Amino acid sequence: MADEPAKTRPPATGDAPLSEGAPAGREELASGHGPTSGEGSRGEGSRGAEAPAHERAAPGGRTPPVQAAEHAADDARLEAIVATVIEEERAPTASELAELHPSQLADALESLPAERRAPLWRSVPPAVLGQVLLESGEEMREQLIAATSPDRLSAAAAELDLDKLADLYEDLPPAVQFAVMQPMEAQRRALLDTLRGFPEDSAGGLMDVDALIVRSDVTLEVVQRYLRYVRRRLGKLPPATDSLIVVDADGRYEGLLGLDDVVSLEQSRMVEQVMRRDVRPILATTSEHDVARLFEDRDFVSAPVVDDSGHVLGRITVDDVLDVIRDEGEHSVLASAGLDEEADMFAPVWVSVRRRALWLGVNLLNALIASWVIGRFGGTIEQMVALAILMPVVASMGGVAGTQTLTLVTRGIALAQVSRANARELLVKELGVAALNGAFWALVVGGVATAWFGSAVLGLVFGVAIVVNLVNGATMGTLIPLLLRRAGIDPALAGGVLLTALTDVIGFAVFLGLATAVLL
């Protein structure tokens, strides 16, 4: 595995790695392929060379037909691999797996029952084995590691970049960890230890150490020679390189140098003259959630990561942030049902039973409490059957109104838009919305109940109960996520359960209580 360029600073002008060859810009102009040469150039304001037909965007931003076909072909290949293992009961061949990305191989493995994964796992090429493990959920990853020989795991780990190895390292058996660390150079071992020292859900846990770092007191000509040196040594520049990180003599962050400036400005200019100083670095201890917000708000492709003293540690790229955003979306959806996004879809039956039993028990408790409230008004319901018919409507309307508010507030908390300072104003606004909606729908359902059962008083009671429960839903939908956050509990996990319990219980109690007081 090649050395990481993150800690490599450009040598001074005239040092061997940077003195080989002429500056890139002069080579282009001398060979007649520069911006002033004939038909290859375009005037200012031109759109530049037209993209190949298969890469052009379709009208209206739609996916081009060729890209759509490629996606469909990828899905078909994935389905074919799963069918090969399940229906044909054989391991896929190397040619069948050749066109699949490591993430697709992980998807194929997760699409198979646990007992059928072995043939496919044995067929995964060694070069992408580690990447497949990283793309897998934690539970399946543990199973695959347990079923893999130490030698194969060691070889797979050796193929990974340091930041990816740090993510996988703790899951590896001790013997494999030792085999990976033993031949590693001291500098790389120190970098790996640094990466492992940060929580996985922090900026330090997300960052790569393959950042390109330059000094502020060198010229753009030196920077270009440095880039060519890195290209020769590694075969390519680090992925998603849109800028270089500028540091002082002590390695402290000073700014960013865009690649567009490197290739388009006069090479005699100093880095400190053209670098951007307005981009603040990300502290290594920043949570991954806040990192994702920064990338979203500032449209970063990459961003530097520093320690408490401002020394550059590495960088975060947009592909890592996309993983964070996807994981957060999965967590929100699954947590609302009491499920874990890292759980294996084909986990053993008893394992799944144990996990889901607790959530079912909580919901059963909520239902029993609501039933107990209804039971307290059993005599009222016996005398007026219409109440039993209309009760679910009261609970449902309150639940829907509460869910709308709960979702809005939970999202606001995630985006740091809701705080103690504006919580009161938000509550007042949501109460106003609920009151107006409640008044409108109270007229509608009250009229329906009056026409249905021939009782204006019943319609009035029904309408008042709707208003009260909509206001109750809005109140609970605002307060529950705020209180859960203060208690250190994820609102996405517990908010929906509490809201359902409170809107059902209070809705039934208000409706039946009013009916008892007014109608009987």
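Residues numbered from 1 in each chain as written. Predicted model: local features only at pLDDT ≥ 70, side-chain atom pairs only at ≥ 80, totals over all residues. Heavy atoms only, no water.

Caption draft 1: Highlighting a negative patch on the surface. Among the surface-exposed residues, D107, E135, D319 and D323 lie close enough to one another that they form a single negatively charged patch. Mapped onto the elements, D323 comes out in helix α18 (residues 318-335). Overall, the relative accessible area of 32% leaves D323 in the partly exposed class. (Patch = residues over 30% accessible without salt bridge, like charges linked within 9 Å, V, L, I, M, F, W, Y side chains within 5 Å. Areas by Shrake-Rupley, 256 points an atom, 1.4 Å probe, with all protein chains shown as cover. Salt bridge = Lys/Arg side-chain N within 4 Å of Asp/Glu carboxyl O. Lys, Arg positive; Asp, Glu negative; His and termini not counted. Charge placed at Lys NZ, Arg CZ, Asp CG, Glu CD. Helix = DSSP H or I, 4+ residues; strand = E, 2+ residues; numbered from the N terminus. Buried < 20%, exposed > 50% of the residue type's maximum accessible area, 1.4 Å probe, protein only.)

Caption draft 2: Here's a closer look at the packing of aromatic side chains. Scanning the model with the defined rule gives four aromatic pairs in all. Look at F440 and W441: their rings are 4.8 Å apart centre to centre, the planes differ by 75°, and that puts the pair in the edge-to-face class. Look at W441 and you get partly exposed, because its relative accessible area is 37%. Above the face of the W121 ring, R152 is positioned so that its terminal group lies 5.6 Å from the ring centre. (Phe/Tyr/Trp six-rings, centres within 6.5 Å; stacked < 30°, edge-to-face > 60°. Lys NZ or Arg CZ within 6 Å of the ring centre and 35° of its normal.)

Caption draft 3: Geometry of a nonpolar patch on the surface. A grouping of V385, I389, F440, W441, V444, V448 and W452 is seen on the molecular surface, where their side chains present a nonpolar patch of about 690 Å² in accessible area. Elements represented by at least two residues in the nonpolar patch include exactly α21 (385-414) and α22 (423-453). Counting residues per element, the nonpolar patch draws most heavily on α22, at five residues. By secondary structure assignment, the location of V444 is in helix α22.

Caption draft 4: Structural view of helix α9 (residues 150-158). When we look at burial in α9, the residues that qualify are R152, L153, S154, A156 and A157. The secondary structure elements touched by the buried residues of α9 are α6 (117-123), α7 (129-135), α8 (138-146), α10 (162-169) and α11 (174-181). (Contact = heavy atoms within 4.5 Å.)

Caption draft 5: A look at the confidence of the model for the chain. With 85% of its residues at a pLDDT of 70 or more, the chain shows a mean pLDDT of 82. Mean pLDDT values for the elements of the chain range from 28 in helix α2 (residues 24-30) up to 96 in strand β4 (residues 282-283). Across residues 1-61, confidence stays below pLDDT 50; counting only partners more than four residues off in sequence or on other chains, it has 97 contacts. (pLDDT = per-residue confidence, 0-100.)

Caption draft 6: Examining the sheet that holds β4 more closely. Spatial strand order, β4-β5-β6: three strands in an open sheet with mixed pairing. The open sheet has two edge strands, β4 and β6 (312-317), and neither has a second partner. Note that strand β5 (residues 302-306) and β6 share five bridges and pair antiparallel. The residue bridging A303 from the neighbouring strand is I316, located in β6. (Pairing = 2+ DSSP bridges.)

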